[in-house]
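Structural characterization, general
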Amino acid sequence: SQKIEQNSEALNIQEGKTATLTCNYTNYSPAYLQWYRQDPGRGPVFLLLIRENEKEKRKERLKVTFDTTLKQSLFHITASQPADSATYLCALGETSGTYKYIFGTGTRLKVLA
Amino acid sequence: EPEVTQTPSHQVTQMGQEVILRCVPISNHLYFYWYRQILGQKVEFLVSFYNNEISEKSEIFDDQFSVERPDGSNFTLKIRSTKLEDSAMYFCASSGRGAANTEAFFGQGTRLTVV
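Overview of the structure. For clarity, every value in this text was computed on a predicted model and none was experimentally measured. All residue numbers refer to position in the chain's written sequence, counted from 1. The lettering of chains begins at A and the numbering of ligands begins at 1, in the order of writing. Only residues with pLDDT of 70 or above have their local features reported here, since the model is predicted, and side-chain atom pairs are shown and tallied only from 80 upward, although totals for entire chains, interfaces and linings are computed over all residues. Side-chain metrics rest on all non-hydrogen atoms present in the structure, leaving aside hydrogens and water.

**Re the interface of chain A and chain B**
For interface size, the figure often reported is the accessible area lost on association. For clarity, the threshold we go by: Pairs of residues are marked as contacts when any of their non-hydrogen atoms sit within 4.5 Å. In short, buried area is how much 1.4 Å probe accessible area vanishes from two parts on joining, totalled over both. By definition here, a salt bridge exists when the distance from a side-chain nitrogen of Lys or Arg to a carboxyl oxygen of Asp or Glu is within 4 Å. Pairs of N or O atoms are called polar contacts if they sit within 3.5 Å, as long as, within protein, a hydrogen donor faces a hydrogen acceptor (for residues adjacent in sequence, only side-chain-to-side-chain pairs). A helix here means a DSSP run of H or I that spans at least four residues, while a strand means a run of E at least two residues long, and both kinds are numbered starting from the N terminus. Each residue receives one of three labels: charged for Asp, Glu, Lys and Arg, nonpolar for Ala, Val, Leu, Ile, Met, Phe, Trp, Tyr, Cys and Pro, and polar for the others, Gly being one of them.
Each partner contributes residues to the interface: chain A has 22 residues there, and chain B has 22 residues. When chain A packs against chain B, close to 1,900 Å² is buried across both sides, 57% of that on carbon and sulfur atoms. Interface area lost by chain A to chain B is led by A:Tyr99, A:Lys100 and A:Phe103, which between them contribute 35%. The interface formed by chain A and chain B contains zero salt bridges. For the pair chain A and chain B, the interface holds four residue pairs in polar contact (both at pLDDT 80 or more). Those elements that place two or more of their residues in the side of chain A that touches chain B are strand E4 (32-38), strand E5 (45-51), strand E9 (86-93) and strand E10 (101-103) of chain A. Taken together, the residues that form the side of chain A that touches chain B break down as nine nonpolar, 10 polar and three charged.

Encoded structure:
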């Protein structure tokens, strides 16, 4: 069956450290993978998109990797801050023409001051 | 900064009643979406809409659901006869391009409670 799994429900790290969040998928062949941030009671906010032929993408303190062999994406936040505390969602776009994204359950990140 | 706006923020309705959730997408966007999120669960795709017709829909989007762009600015989701299991946060989103390789901008959501 198809699955998207994100690592552990909650991740606590100390301020200033690098947070690494994992997105593993089974029985999908995504053309694109996106990462979103979601705060409680709010809509998801787009962070980064990576294509299947890209290994890595960066934006300020954020970095995403995409390994289609391992069927895994890693999302890194360097020099983390308490304001980074939120739930982070990965979402797969299965084909280049699709309008539909399939979301993972999310990882709740808490950055401790 | 342009944003997607949704109204109402919270709607309570009796089971069996019809509800219409409203969205104003970003003004120059052409592709529109509805997602839902049941409390504590993942965000689920319902439907995408372009050029006044549905582009894709999920198995959740059955005959009880319909979408419409009644004018140049609004995008609505109608649920004809609500069930208890329709209780969820409903998110509208829009994008400037429709392919998967573009970011979607989400609204703040409408919390629908069916009693």
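**What to know about the state of the cysteines**
All names here are of chain A. Which entries qualify depends on this criterion: Counting rule for disulfides: a pair of cysteine sulfur atoms within 2.5 Å.
As enumerated under the stated definition, the model contains two disulfides over all chains in all. A disulfide bridge connects Cys 23 with Cys 90, and the sulfur atoms are separated by 2.0 Å. For the disulfide bridge between Cys 23 and Cys 90, the dihedral angle about the S-S bond is near 65°, and by the sign convention the bridge is right-handed. In this pair, Cys 23 is assigned in strand E3 (residues 19-26) and Cys 90 in strand E9, connecting sequence segments 67 residues apart.

**Here's the deal with the pattern of salt bridges**
Residues and elements named next belong to chain A. Overall, the coordinates contain seven salt bridges over all chains when judged by the stated rule. Across the salt bridge formed by Arg 51 and Glu 54, the nearest N and O atoms sit 4.0 Å from each other. Connected through shared salt-bridge partners, Arg 51, Glu 54 and Lys 57 make up one network.

**Side note on the sheet that holds strand E1 (residues 5-7) of chain B**
Strand-to-strand pairing in sheets goes through backbone hydrogen bonds, with the strands running parallel or antiparallel. All names here are of chain B. For the record, the criterion: Only strands joined by at least two bridges in the DSSP assignment are considered to pair. Between N-to-C directions, angles cover 0 to 180 degrees, with each direction set by a line fitted to C-alpha atoms, over the stretch in contact for helices.
Spatially, E1-E3-E8-E7 is the arrangement adopted by the four strands of the open sheet, whose pairing is antiparallel. Where the open sheet ends on each side, the last strands, each with one partner, are E1 and strand E7 (65-68). Pairwise comparison of adjacent strand axes, ignoring direction, gives a mean angle of 20° for this sheet. Sheet analysis places strand E3 (residues 19-24) next to strand E8 (residues 75-79), joined by five bridges and oriented antiparallel. The residue bridging Leu 21 from the neighbouring strand is Leu 77, located in E8.

Distances and angles like these do not, on their own, reveal function.
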